[in-house]
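Structure at a glance
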Amino acid sequence: MSQTLLVRSTKIRTTSLYRSLSLASRHYSNQTLKDKFSEQIPSKIEEIKTFKKEYGKTVIDKVTLEQAYGGMRGIKSMVWEGSVLDPEEGIRFRGYTIPEIRKLLPKVEGSAEPVPEGLFWLLLTGEIPSLEQVKALSNDIASRSELPDHVVQMLDNLPRDLHPMAQLSMAVTALESESKFAKAYAQGVNKKDYWSYTFEDSLDLLGKLPIIASKIYRNVFKDGRVGTMDTNFDYSKNLSHLMGYTNNDFIELMRLYLTIHSDHEGGNVSAHTTHLVGSSLASPYLSLAAGLNGLAGPLHGRANQEVLEWLFKLREEVNGDYTKETIEKYLWDTLNSGRVIPGYGHAVLRKTDPRYMAQRDFAQKHFPDYELFKLVSTLYEVAPKVLMKHGKTKNPWPNVDSHSGILLQYYGLTESSFYTVLFGVARAFGVLPQLIIDRAVGAPIERPKSLSTEKYKALVRTIGNQ
């Protein structure tokens with residue numbers, strides 16, 4: 001072959017290679033979330049199958065009576081792919097810390113905070129999506145927002161004094177009429193396809209939640225009027241506008257709020273309940289509604305409301321005196337009267353909650369001189385020392401609830417009974433990916449073994465006689 005032909009041939013092969021790489025790159029860039037997850041399922045099933053076969057008899061943890069009677073605290077008996085909570089390090093989403101996801105997840109133009117749609121992609125696939133993929137997902141979710149008439153009518157007929165979380169749970173339950181999973185199951189769909197219908201229900205649910213949440217907010221606290229989702233907006237901007245908040249900084253707060261409140265591993269009440277009910281092959285609507293009922297409890301999601309009420313009482317008692325000495329005295333009076341300091345302590349964490357720090361960072365950037373922020377900041381300096389000296393608190397550091405309320409207060413969202421609804425919308429982004437994964441890998445119905453106190457006593461006596 002002549003040198004000219006050799007060069008021409010090399011150029012042709014090189015051009016062909018670049019074209020192939022370009023096509024491949026374009027293919028992966030244009031992949032939808034459902035395509036990406038579907039591609040991962042076979043290897044995930046094989047990974048779990050091999051892991052169970054090789055290590056299924058391995059003893060992970062010995063259970064004590066204290067754990068059995070203490071709410072199963074710390075027992076390693078659940079698989080949750082999206083996040084892991086380390087007592088010292090805090091939450092990691094698919095291996096990424098909160099500061100890392102704030103940096104790495106896609107942001108819409110002009111925004112400094114990631115959109116929760118990006119975290120949903122990450123929790124389901126373990127991969128950071130591109131901005132184009134997130135925009136397509138945002139558009140897809142927004143296009144699924146229409147509510148059936150019977151849900152709208154139900155919400156309009158509910159009494160205004162019914163707690164917003166009860167209204168949210170009722171509305172999500174009523175959406176069972178729209179469940180593609182329930183309809184497919186009734187028609188005998190192959191179990192290998194359960195995940196696909198769970199995926200569709202999950203995105204439908206995410207699309208409808210901003211309308212439901214905003215309808216509840218507008219019905220209970222405003223004029224009852226709600227607009228429509230704009231497919232050109234990201235999720236947080238749509239939610240904010242539907243509620244009546246168009247301030248760009250508030251929209252930024254919603255992006256941060258929904259992202260960091262989404263997931264906190266699987267053992268918390270709302271996540272575990274959603275997973276448990278889903279394991280019975282109940283639809284995502286019924287499963288999430290069950291989880292929302294757990295989130296409504298004052299020991300879980302409604303704690304943010306209680307923290308704010310406590311802060312207002314503290315502010316009234318100290319009458320503007322936010323010195324460390326005055327705050328310390330109030331805290332000791334609270335503890336000595338047998339009460340707790342709301343917003344401090346956590347079932348797992350043994351350091352300041354990274355979600356608290358993310359919100360503190362936001363407040364320092366946007367309203368460092370806000371009165372309530374100054375009060376919370378003084379508490380952050382004083383409360384851990386008081387609790388450590390008190391000695392009855394395993395974790396003297398603040399959690400996410402001790403800060404979230406004042407951020408919403410600053411932007412005029414003062415109706416604290418609604419705060420847990422926002423938490424519920426956020427939590428959907430964390431628990432729904434795991435439901436999809438559960439159905440994809442064929443996770444079984446959850447059925448732990450329970451024993452009576454009499455049986456436990458018999459077991460203890462048997463062990464003692466050995």
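In the block above lies the structure referred to throughout.
What you see is a predicted model; the values in this text were computed from it and never measured.

**With respect to the pairing of strand β2 (residues 90–93)**
Taken together, the 4 bridges between strand β1 (residues 83–86) and β2 define a ladder with antiparallel strand orientation. The partner of Val-84 across the bridge, within β2, is Arg-92. A loop of 3 residues connects β1 with β2, the two strands running antiparallel in sequence. In the sheet, β2 pairs with strand β3 (residues 96–97) via 2 bridges, with the strands oriented antiparallel.

**Topic: unusual backbone geometry**
Look at Glu-265: it is not a glycine, yet its phi comes out positive at around 55°. On the secondary structure map, Glu-265 appears in the loop between α12 (248–260) and α13 (269–278). When its relative accessible area of 22% is taken as the criterion, Glu-265 is described as partly exposed. The backbone of Asn-319 sits at a positive phi, close to 55°, despite the residue not being glycine.

**As for helix α17 (residues 354–366)**
The end-to-end C-alpha distance of α17, which contains 13 residues, comes to 18 Å, matching closely the 18 Å that a straight helix rising 1.5 Å per residue would cover. At its buried positions, α17 is contacted by β2, α4 (98–104), α12, α18 (371–390), α19 (401–410) and α20 (419–440).

**Points about a nonpolar patch on the surface**
Nonpolar side chains collect at one region of the surface, where Leu-65, Tyr-69 and Val-460 lie side by side and expose about 270 Å² of accessible area between them. Within the secondary structure layout, Tyr-69 lies in helix α3 (residues 65–69). On the basis of relative accessible area, Tyr-69 is assigned to the partly exposed category, the value being 49%.

**Some words on the sheet that holds β3**
Taken together, 3 strands build an open sheet; the order of strands is β1-β2-β3 and the sheet is antiparallel. The sheet is open, and its two borders are formed by β1 and β3, each paired with just one other strand.

**Regarding the side chain of Ser-83**
With respect to the helices and strands, the residue Ser-83 is situated in strand β1. Within the local environment of Ser-83, its side chain forms a polar contact with the side chain of Asp-263, the two groups lying 2.8 Å apart. Once you skip the residues sitting within four places of it in the chain, Ser-83 turns out to touch Ile-91, Arg-92, Phe-93, Arg-94, Asp-263, His-264 and Glu-265.

The rules behind each value
Residues numbered from 1 in each chain as written. Predicted model: local features only at pLDDT ≥ 70, side-chain atom pairs only at ≥ 80, totals over all residues. Heavy atoms only, no water. Pairing = 2+ DSSP bridges. Helix = DSSP H or I, 4+ residues; strand = E, 2+ residues; numbered from the N terminus. Buried < 20%, exposed > 50% of the residue type's maximum accessible area, 1.4 Å probe, protein only. Expected span 1.5 Å × (residues − 1). Contact = heavy atoms within 4.5 Å. Patch = residues over 30% accessible without salt bridge, like charges linked within 9 Å, V, L, I, M, F, W, Y side chains within 5 Å. Areas by Shrake-Rupley, 256 points an atom, 1.4 Å probe, with all protein chains shown as cover. Salt bridge = Lys/Arg side-chain N within 4 Å of Asp/Glu carboxyl O. Polar contact = N/O pair within 3.5 Å; in protein donor to acceptor, adjacent residues only side chain to side chain.

Without other data, these values stay purely geometric and don't point to any function.
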